[in-house]
Amino acid sequence: MARHCPECGFVVTEGANYCQRCGAYVGTREDTREDATTATYMVDEQTGELKPVDVGDVAAATGALVIRSGGGRVGQSFPLEGDRLVIGRSPDAAIFLDDVTVSREHAVLVRRAGDWFLDDSGSLNGTYVNRRRVDSHKLADGDELQVGKYKLTYLAR
C-alpha cells in the first residue's frame, strides 16, 4: 500500500523519512501508532490565546473540523455551528485558512436535512474529500478534507 505525504499528498518512496516533493517529515510505517492522538485547541475569541479543548466536546453539538496538517496549525478545531460556514483565505471566513493555496472563498459547509455537505466554491486548486476532487459531498465521520495545503478531519456529533 502506497504512503502519501501528510503535507502535499505526494506518493512517498517506501522507507523514506522525508517527502521527495516538499521535504515534510513522513516517518516510516514503524513510526505510526494506532493510539496516536492530536492535541486539540481553539483560539479564545476575547484574548486570542490558544486554549486546549476536548475534541469530543467541540464536536458534541453538530460536529467539528480539526486541522490535521498544513499551515502550522495542527490540532486547531472548529465547531460546526449554524447552517452555512465559509472556508477560505478571507479573514471574514468562518474557517480562516491563511495560505495562497486557498481561495478567498474556497468552499462552503452547508447543513442540509441535518447532514453537513462540503461544496466547492469554484476554487482554483479544487476541494478534495478522501483524496478525490469534489464539487459537492455529503460528509461522513472521519472524512479527510483537503483545502489548499490544509488537511482537515470531519468529526460527526
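This text goes with the structure placed above it.
To keep things clear, this report deals only with the structure shown in the data block. Predicted model only: the values in this text are computed from it and were never measured.

Within the protein chain, the regular secondary structure consists of one helix and 15 strands. The 157 residues of the protein chain split such that 41% are buried. Summarising the internal contacts of the protein chain: among those between residues at least 6 apart in sequence, 34% fall at separations of at least 24. Just so you have it, the protein chain exposes about 9,100 Å², and 47% of that area is on carbon and sulfur atoms.

Turning our attention to the sheet that holds strand β7 (residues 84-88). If you walk across this open sheet you meet the five strands as β8-β7-β9-β10-β13, and the pairing is mixed. Two strands bound the open sheet, and with one partner strand each, they are β8 (95-96) and β13 (136-138). Taken together, the two bridges between β7 and β8 define a ladder with parallel strand orientation. Note that in β8 the partner of Ile87 across the bridge is Ile95.

What follows concerns the packing of aromatic side chains. According to the stated counting rule, one finds zero aromatic pairs in the structure shown. Directly above the ring of Phe117 sits Arg112, whose terminal nitrogen or CZ lies 4.8 Å from the centroid.

It is worth spelling out unusual backbone geometry at this point. With a phi angle near 50 degrees, Ala113 is a residue other than glycine that sits in the positive phi range. Summarising the element assignment, Ala113 is placed in the loop between β9 (107-112) and β10 (115-120). Even without being glycine, Asn130 reaches a positive phi, approximately 50 degrees. When you line up the elements, Asn130 lands in the loop between β11 (127-129) and β12 (132-134). The exposure class assigned to Asn130 is partly exposed, which follows from its relative accessible area of 36%.

Taken as a whole, this structure holds four salt bridges when the rule is applied. A salt bridge links Asp83 to Arg111; its shortest N-O distance comes to 3.2 Å. Residue Asp83 is located in the loop between β6 (77-79) and β7, and its partner Arg111 is located in strand β9; the two are separated by 28 residues in the primary sequence. Note that Asp99 is salt-bridged to Lys149, the shortest N-O span being 3.3 Å. Of the two residues, Asp99 sits in the loop between β8 and β9 while Lys149 sits in the loop between β14 (144-147) and β15 (150-155), which places them 50 residues apart along the sequence. Of the residues examined, Asp99 reaches a relative accessible area of 15% and is grouped as buried. Accessibility expressed as a relative area gives 32% for Lys149, which makes it partly exposed.

Reading the values: the criteria
- Residues numbered from 1 in each chain as written.
- Predicted model: local features only at pLDDT ≥ 70, side-chain atom pairs only at ≥ 80, totals over all residues.
- Heavy atoms only, no water.
- Helix = DSSP H or I, 4+ residues; strand = E, 2+ residues; numbered from the N terminus.
- Buried < 20%, exposed > 50% of the residue type's maximum accessible area, 1.4 Å probe, protein only.
- Contact = heavy atoms within 4.5 Å.
- Areas by Shrake-Rupley, 256 points an atom, 1.4 Å probe, with all protein chains shown as cover.
- Pairing = 2+ DSSP bridges.
- Phe/Tyr/Trp six-rings, centres within 6.5 Å; stacked < 30°, edge-to-face > 60°.
- Lys NZ or Arg CZ within 6 Å of the ring centre and 35° of its normal.
- Salt bridge = Lys/Arg side-chain N within 4 Å of Asp/Glu carboxyl O.

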